[in-house]
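Structural features, examined
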Amino acid sequence: MIEFRIHAEDLDIMPEIIGQIDEVAAAVPEEFRKGVDSDSPKGRIYRRGSITGRLTKSGIAAGFRQTSKSRMAVGSRFHRASAEGQFPGKDSGELYRRIRVTGKGTLRQRVVFDAPHAGPVEEIRPFAEKTADLVVQRFI
């Protein structure tokens, strides 16, 4: 989980956006989703899990691996990772969906990326900081 707060008291260097704190916070999920949708990943491709099917004699004869009593692996899902400087690639969509904005009044807002893997992804591909910078630049 990643959480950052936008407080009017901290923005004495940017007085032009103090009256728009709630708009700035609401723009963070929008800007992040826009970045993910418009930025197609250009990193490496790797296998992710297996696609299973019903176990058959012909499948085993064809060389497919048995994964359980009645299932066999018939393929793999693939995922293309994001390259450095890009927004994270969308695999499960959990990071994309789990963004909350909460606040008290118009002077304090909190933006939370609530996916369990948001912290590790932020360490590798700093998306929250990049999104916040894009939003602040839009409002200045």
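Data block above holds the structure.
Remember, predicted model here, so these are calculated numbers, not experimental data.

**So, the overall build of the chain**
When you go through the chain residue by residue, the secondary structure sums to 5 helices and 6 strands. When the helices and strands of the chain are read in sequence order from the N terminus, they spell out β-α-β-α-β-β-α-β-β-α-α. Counting all 140 residues of the chain, 33% fall into the buried class. Pairs at least 24 apart in sequence give 64% of the contacts found in the chain among residues at least 6 apart. Total accessible area on the chain is roughly 8800 Å²; 52% of this is exposed by carbon and sulfur atoms.

**What about the packing of aromatic side chains?**
If you walk through the whole model with that rule in mind, you get 4 aromatic pairs. On the numbers, 6.0 Å between centres and 70° between planes, the contact of F32 with F87 is edge-to-face. With F32 in helix α1 (residues 21-38) and F87 in the loop between β4 (71-80) and α3 (94-97), this residue pair connects regions lying 55 residues apart in the sequence. Residues F32 and F87 agree in their burial class; the two are buried. Summarising the aromatic geometry, the rings of F32 and F127 are spaced 5.3 Å apart at their centres and angled 45° between planes, so their arrangement reads as tilted. In this pair, F32 sits in helix α1 while F127 sits in helix α5 (residues 127-139), placing the two residues 95 residues apart along the sequence. The residues F32 and F127 share a single accessibility class, namely buried. An aromatic cluster of at least three residues, connected via ring pairs, comprises F32, F87, F113 and F127. The cationic tip of K130 hangs over the ring face of F87; the distance from NZ or CZ to the ring centre is 4.4 Å.

**A closer look at a nonpolar patch on the surface**
A surface patch of nonpolar side chains, amounting to about 220 Å² of accessible area, comprises I51, F64 and V74. As for its position among the elements, I51 is in strand β2 (residues 45-54).

**A few points about the environment of G103**
Within the fold, G103 resides in strand β5 (residues 99-104). The sequence separation of G103 and R5 amounts to 98 residues, and the corresponding C-alpha distance is 9.0 Å. Excluding residues within four positions of it along the chain, G103 makes contact with R108 and Q109.

**Quick notes on the pairing of β4**
Bridge count for β2 against β4 is 9 bridges, and the pairing is antiparallel. The residue bridging S50 from the neighbouring strand is S76, located in β4. Across 2 bridges, the pairing between strand β3 (residues 65-66) and β4 is antiparallel. The residue of β4 that forms the bridge with Q66 is M72. The hairpin formed by β3 and β4 contains 4 residues between the paired strands.

**Examining the sheet that holds β4**
Strands in a sheet are paired, the pairing made by backbone hydrogen bonds, and the direction either parallel or antiparallel. Read from one edge of the open sheet, 3 strands run β2-β4-β3, paired in antiparallel fashion. Either end of the sheet is taken by a strand with one partner, and the two such strands are β2 and β3.

Calculation rules
- Residues numbered from 1 in each chain as written.
- Predicted model: local features only at pLDDT ≥ 70, side-chain atom pairs only at ≥ 80, totals over all residues.
- Heavy atoms only, no water.
- Helix = DSSP H or I, 4+ residues; strand = E, 2+ residues; numbered from the N terminus.
- Buried < 20%, exposed > 50% of the residue type's maximum accessible area, 1.4 Å probe, protein only.
- Contact = heavy atoms within 4.5 Å.
- Areas by Shrake-Rupley, 256 points an atom, 1.4 Å probe, with all protein chains shown as cover.
- Phe/Tyr/Trp six-rings, centres within 6.5 Å; stacked < 30°, edge-to-face > 60°.
- Lys NZ or Arg CZ within 6 Å of the ring centre and 35° of its normal.
- Patch = residues over 30% accessible without salt bridge, like charges linked within 9 Å, V, L, I, M, F, W, Y side chains within 5 Å.
- Salt bridge = Lys/Arg side-chain N within 4 Å of Asp/Glu carboxyl O.
- Pairing = 2+ DSSP bridges.

What is shown is where atoms sit, not what they do.
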